[in-house]
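# Examining the three-dimensional arrangement
Listed below, chain by chain, are the residues.
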Amino acid sequence: RMAAAPPSYCFVAFPPCSKDGLVVFGKNSARPRDEVQEVVYFAAAAHDPGSKVECTYIEIEQVPKTHAVVLSRPSWLWGAEMGANEHGVCVANEAVVTREPASESEALLGMDLVRLGLERGATAKEALDVIVTLLEEHGQGGNYYEDGSSCHTFQSAFLIVDRNEAWVLETSGKYWAAEKITEGVKCISNQLSLTTKLDAEHPELRNYVRSQGWWNGDSDFNFSEVFSLADDHLACCSGRESLEKQGGEVSAQTMIDVLRDKDSGVCVDSESFLTTASIVSVLPQDPSFPCVHYFTGTPDPSRSVFKPFIFVDDVKLVPKVQSPSFGNNDPAKKIPRFQEKPDRRHELYKAHEWARSLLENDQDKGQKLMRIMLDLEKQGLEAMEDILTRTEILDPAEVVDLFYDCVDTELKFFK
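Residues numbered from 1 in each chain as written. Predicted model: local features only at pLDDT ≥ 70, side-chain atom pairs only at ≥ 80, totals over all residues. Heavy atoms only, no water.

What follows is about the overall build of the chain. Within the chain one finds nine helices and 18 strands. In terms of overall size, the chain behaves like a compact globule, its C-alpha atoms giving a radius of gyration of 20 Å where 415 residues would be expected to give roughly 22 Å. In terms of overall dimensions, the chain has C-alpha extents of about 60 × 50 × 50 Å along its principal axes. Within the chain, the proportion of its 415 residues that are buried is 59%. Pairs at least 24 apart in sequence give 69% of the contacts found in the chain among residues at least 6 apart. A total of about 17100 Å² of accessible surface is found on the chain, and carbon and sulfur atoms cover 47% of it. (Helix = DSSP H or I, 4+ residues; strand = E, 2+ residues; numbered from the N terminus. Rg over C-alpha atoms; globule rule 2.2 N^0.38 Å. Buried < 20%, exposed > 50% of the residue type's maximum accessible area, 1.4 Å probe, protein only. Contact = heavy atoms within 4.5 Å. Areas by Shrake-Rupley, 256 points an atom, 1.4 Å probe, with all protein chains shown as cover.)

So, about the packing of aromatic side chains. Counted according to the given criterion, the structure contains 15 aromatic pairs. Within the aromatic cluster, the residues linked to one another by ring pairs are Tyr41, Phe295, Phe309, Phe311 and Phe403. Lying across the ring of phenylalanine 42, arginine 115 places its NZ or CZ 4.1 Å from the centre. Just above the ring of tyrosine 404 sits the side chain of lysine 316; from NZ or CZ to the centre is 3.9 Å. (Phe/Tyr/Trp six-rings, centres within 6.5 Å; stacked < 30°, edge-to-face > 60°. Lys NZ or Arg CZ within 6 Å of the ring centre and 35° of its normal.)

This brings us to helix 9 (residues 402–414). Its 13 residues give helix 9 an end-to-end C-alpha distance of 19 Å, which sits within 8% of 18 Å, the value for a rise of 1.5 Å per residue. Among all positions in helix 9, only Leu402, Phe403, Tyr404, Cys406, Val407, Asp408, Glu410, Leu411 and Phe414 are buried. Looking at the packing, one finds that the buried side of helix 9 touches strand 3 (37–42), strand 17 (292–295), strand 18 (307–309), helix 7 (347–361) and helix 8 (363–389). (Expected span 1.5 Å × (residues − 1).)

Let us now look at the side chain of threonine 275. Within the fold, threonine 275 resides in strand 16 (residues 273–284). Contacts of threonine 275, omitting those with residues within four sequence positions, involve Asn28, Ser29, Ala30, Val266, Cys267, Val268, Pro299, Asp300 and Pro301.

Neither face of strand 17 is left uncovered, since the one carrying Val292 and Tyr294 and the one carrying His293 and Phe295 both have all their residues buried. Pairing between strand 16 and strand 17: four bridges, direction antiparallel. Looking at strand 17, one finds that serine 281 is bridged to histidine 293. Pairing of strand 17 with strand 18, which is carried by three bridges, proceeds in the antiparallel orientation. (Pairing = 2+ DSSP bridges.)

Counting residues in hydrophobic clusters, the biggest one holds 91 residues, and the most contacted among them are Phe11, Leu159, Val161, Phe223, Val280, Tyr294 and Ile310. Other than its neighbours up to four places away in sequence, valine 280 contacts Val24, Phe25, Gly26, Ala252, Met255, Ile256, Leu259, Val292, His293, Tyr294 and Phe306. Ile58, Ile60, Leu108 and Phe273 belong to the second-largest nonpolar core, a separate cluster that totals 46 residues. (Core = buried A, V, L, I, M, F, W, Y, C linked by side-chain atoms within 4.5 Å.)

Let us now look at the packing of helix 1 (residues 110–120) against helix 2 (residues 124–138). The geometry of helix 1 relative to helix 2 is characterised by a closest axis approach of 8 Å and an angle of 130° between their N-to-C directions. In terms of their interaxial angle, helix 1 and helix 2 are classed as oblique. Relative to helix 2, the crossing made by helix 1 is right-handed. Every residue of helix 2 that contacts helix 1 at Leu113, Leu116, Gly117 and Arg120 is listed here: Glu126, Ala127, Val130, Ile131, Leu134 and Leu135. (Axes fitted to C-alpha atoms, helices over the stretch in contact; angles between N-to-C directions. Parallel < 35°, antiparallel > 145°, perpendicular 65-115°, else oblique. Left-handed = near helix turned anticlockwise from the far one by under 90°.)

Now for the sheet that holds strand 17. The sheet built from six strands is open, its strands ordered 14-1-2-16-17-18 with antiparallel pairing. With partners counted over all chains shown, the strands left at the sheet margins are strand 14 (185–188) and strand 18, one partner each. Neighbour-to-neighbour, the strand axes of the sheet open up by a mean angle of 15°, direction not taken into account. Across the face of the sheet, helix 8 comes into contact with strand 16, strand 17 and strand 18 while running at roughly 170° to strand 17.

Strand 10 (residues 90–96) sits mainly inside the fold: seven of its seven residues count as buried. Note: strand 9 (residues 82–85) against strand 10, three bridges, orientation antiparallel. Within the sheet, the bridge partner assigned to glycine 83 lies in strand 10 and is valine 91. Counted along the chain from strand 9 to the antiparallel partner strand 10, the turn is four residues long, and its residue glycine 88 has a positive phi close to 75°.

The terminal C-alpha atoms of helix 7, which comprises 15 residues, lie 22 Å apart, in line with the 21 Å expected from a rise of 1.5 Å per residue. Taken residue by residue, helix 7 has Leu348, Tyr349, Ala351, His352, Ala355, Leu358 and Leu359 as its buried positions. The buried residues of helix 7 occupy one face: seen down the axis, they fall within an arc of 170°. Among the exposed residues of helix 7, those oriented more than 90 degrees off its buried face are Glu360 and Asn361. (Arc of directions from axis to C-beta.)

This part covers the sheet that holds strand 3. Across the sheet, eight strands lie side by side as 3-8-9-10-11-12-13-15; this open sheet has antiparallel pairing. For this open sheet the edge positions go to strand 3 and strand 15 (200–201), each flanked by a neighbour on one side alone. Taken together, the four bridges between strand 8 (residues 69–74) and strand 9 define a ladder with antiparallel strand orientation. Bridge pairing links valine 70 to alanine 84 in strand 9.

Here it is as structure tokens:
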């Protein structure tokens, strides 16, 4: 049983640590090794009054309007590990273990809350408010993995970012606290990290922990110390140190390099877990420039290509990074759940499996292929840098096929 929370890492860098008035966000999603992640886009939509939305396990009230979102998600569930919306909000979540056992009864998953925050919040603070309101109303719980043999449950932490600020939100049951960040570098992982600087919290938080006997009310209220099991809270993570060393030069490329680093532990490749997908987002503080979101859509960022996506109307869909849909026959939707595991691999994932075996069996060919892939990635990064530094306004027609074309080119190299 994988009792430990998977060690995903999320980062954000603000000026003066990052380049040219850019906010840079990144996450490695560490999940069970064989799980497939897909990249999906949902257009903005209007919904009829009284309509419902079916999340992974439960149905909740829909809102009148949802924003356009692009998500990287384990393909069996409704929510997302990480993603962005058309207003330049990015959200990623972390599974965390607190002294309070996470609920096995089906409610909202932390990953559902990522998507709900993105669909309903036009700023980081709005997304935070959405998440904590839904947490209060519906609670969190249910299996984090596609596993019929045992239920793996966790509490959630979130990194919520927009062009101006970020919020670190950490939860235990329906209780929560949050810290606002506007400069420097912040890293969150699978342990609680908030201490005494809390900028928002559940109104009953302190009364609740007092009633549990976890805090006497005399000492400073330290969220991690109160809610962590023993000394299991995060002092610092190695990726953060490498970002801070950049001395004001953190860019998309720097963030990608940090996410690829296996020696630091940020890029997870262990017996139980693998980095199954990654994201890097660049959010210019000047709102006249577009935000750029890079997705791998494949496992192990050190062998994957970060491909850019920009929100424009009628953006071209990319079925080659979408898993097959099983509708109501999906074993994840039938009760009892997960009685079998269908093949969820998408076309790009399958191509990567072939490339991985090549890398393992034919070093020369593998290395050559990797060089071609990284060159493709570099072209994408340079083209995006051009868009973010030029003076004229971006013509949407120029990027409507951007992500589609990048995935297509990547597949051609594998053929």
